[in-house]
Structure formats: C-alpha cells, structure tokens
Amino acid sequence: MKKFVFRLQALLTISLAKKDKAESDLRDATQFWHKQVNLLKYMKQELDKGLAEYEDFLQKKSVLAGMMTMYTNFFIEKRRQITLQTLAVRKAAENKALMVKKLLEISKKVQALEQLRDIQYEEYRQALLAEEQKQIDEIGLQTYMRKQEKRKV
C-alpha cells in the first residue's frame, strides 16, 4: 500500500510558521509593554522624588519665586510625560492583547489541521490493517483449499 500523505501538509507547515511568528510577535509585544510599564513607574518615582525634594526645599529654605516657578514647570512637565506614558502603556497593552488574540486564532487553526491529519492517519492505518487482514485471509483460504484438494486425492 502507498505511503501516508497528508494532503494539507503545506497548509499545516505554513500555519505552523505563522504560529511561530505570532508567538515571536507576542513575546516582542510583551517585552515592549514591560518596558513601557517600567518607564511609567520610573517617571512616577521621579515625580514623587521631585515632590519630596520640593517639600524639603519649602521647609528648609526661604521660598523664592524663581525656584517655585522652576518646580511648578517641572511638575507640569512630569505630569504631562506621565499622561503620555500612560497612553503608551495602554496602547502597548492593546497591542499585546491583539497579539494574544492573533496567536489564539492561529493556534486553533493549527490544532484543527493537526486533528484532521491525525484522523486521516488513523483512517490510513485502519485501511492498512484491513488490507493486511484481507491478505492474511486470502493466504489462509488458499492454504485451506490446498489441504482440501490433497484430502480428495
């Protein structure tokens, strides 16, 4: 009997390559998201450090208008940066979720193809077994018939 050939093997191979690419994209998106979250944490720490420094400055020294303006501008800029970074984190999280969704879709397709391949292989194996059993039955029948002919003679 001929060798087992899965007719959709090319599609399965392509789908597996797409799955690998999707896993890589998800890994990259996750790393980017972590970087963005860490940057946001750093910015918040900088703001907290600046606020603590400002409070110390107010308690220890006389307040100068120039210094207050400088700190005010610093806080305004830091808050603006934190707002922008929060948006970047949200966008990175959305991208990561999109990559997860894409990977799940591709994984389902690969799983379906692999199940189909397994089903077709099992059918092929059953057909092989049936063919083998048929040949064994024919050999047994031929042997039986020969014995019957020898008894008649």
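Procedures and definitions
- Residues numbered from 1 in each chain as written.
- Predicted model: local features only at pLDDT ≥ 70, side-chain atom pairs only at ≥ 80, totals over all residues.
- Heavy atoms only, no water.
- Helix = DSSP H or I, 4+ residues; strand = E, 2+ residues; numbered from the N terminus.
- Buried < 20%, exposed > 50% of the residue type's maximum accessible area, 1.4 Å probe, protein only.
- Contact = heavy atoms within 4.5 Å.
- Lys, Arg positive; Asp, Glu negative; His and termini not counted.
- Charge placed at Lys NZ, Arg CZ, Asp CG, Glu CD.
- Patch = residues over 30% accessible without salt bridge, like charges linked within 9 Å, V, L, I, M, F, W, Y side chains within 5 Å.
- Areas by Shrake-Rupley, 256 points an atom, 1.4 Å probe, with all protein chains shown as cover.
- Salt bridge = Lys/Arg side-chain N within 4 Å of Asp/Glu carboxyl O.
- Polar contact = N/O pair within 3.5 Å; in protein donor to acceptor, adjacent residues only side chain to side chain.
- Phe/Tyr/Trp six-rings, centres within 6.5 Å; stacked < 30°, edge-to-face > 60°.

S.K.: Help me out: how do you make sense of the overall build of the protein in this one?
M.R.: For the protein, the helix and strand inventory stands at two helices and zero strands. Sorting the 153 residues of the protein into buried and exposed places 19% on the buried side. Intrachain contacts of the protein at a sequence separation of at least 6 include 90% that bridge at least 24 residues. For the protein, the separation between the mean place of its 31 positive charges and that of its 21 negative charges on side chains is 2 Å.

S.K.: I keep staring at a nonpolar patch on the surface and nothing clicks. Help me out?
M.R.: Together, Leu-8, Leu-11 and Leu-116 line one region of the surface with nonpolar side chains, adding up to about 200 Å² of accessible area. Leu-116 sits in the partly exposed class, given a relative accessible area of 32%.

S.K.: What should I look at first to understand the side chain of Lys-78 in this one?
M.R.: For Lys-78, the location among the structural elements is in helix α2 (residues 65-152). Of the polar contacts made by the side chain of Lys-78, one reaches the side chain of Glu-46; its length is 2.3 Å. With near-sequence residues (within four places) excluded, Lys-78 lies in contact with Met-43, Glu-46 and Leu-47.

S.K.: It is not clear to me how the packing of aromatic side chains should be interpreted in this structure. Could you clarify?
M.R.: The geometry of an aromatic ring pair is captured by the separation of the ring centres together with the interplanar angle, meaning the angle of the planes. Applying the stated rule across the entire model yields eight aromatic pairs. When the ring of Tyr-54 is compared with that of Phe-75, the centres are 5.6 Å apart and the planes differ by 80°; the resulting orientation is edge-to-face. Of the two residues, Tyr-54 sits in helix α1 (residues 9-60) while Phe-75 sits in helix α2, which places them 21 residues apart along the sequence. There is no split in this pair, since Tyr-54 and Phe-75 are both buried. Their ring planes at 35° and their centres at 6.1 Å tell us that Tyr-121 and Tyr-124 sit as a pair that is tilted. Pair noted here: Tyr-121 and Tyr-124 are both in helix α2, with a separation of three residues, about one helical turn. By relative accessible area, which is 41% here, Tyr-121 ends up partly exposed.

S.K.: Would you explain the pattern of salt bridges in this entry?
M.R.: Close approach of charged atoms allows side chains with opposite charge to pair. Taken as a whole and assessed by the stated rule, the structure comprises six salt bridges. Here Arg-117 ties to Asp-118 by a salt bridge, and the two come within 3.8 Å at their closest N and O atoms. A salt bridge links Glu-122 to Arg-125; the shortest N-O distance between them is 3.0 Å. Taken together, the residues Glu-122 and Arg-125, both in helix α2 and three residues apart, mark about one turn of the helix. Look at Glu-122 and you get partly exposed, because its relative accessible area is 33%. Judged by its relative accessible area of 33%, Arg-125 falls in the partly exposed class. Among the ionic contacts, a cluster of salt bridges with common partners joins Lys-21, Asp-25 and Lys-102.

S.K.: It is not clear to me how the environment of Ser-15 should be interpreted in this structure. Could you clarify?
M.R.: Note that Ser-15 resides in helix α1. A C-alpha to C-alpha distance of 7.0 Å links Ser-15 and Ile-106, two positions 91 residues apart in sequence.

S.K.: Please explain the side chain of Ser-15 as it appears in this structure.
M.R.: Note on Ser-15: relative accessible area 3%, which makes it buried. Dropping the residues within four chain positions of it, Ser-15 is found in contact with Ile-106, Lys-109, Val-110 and Leu-113.

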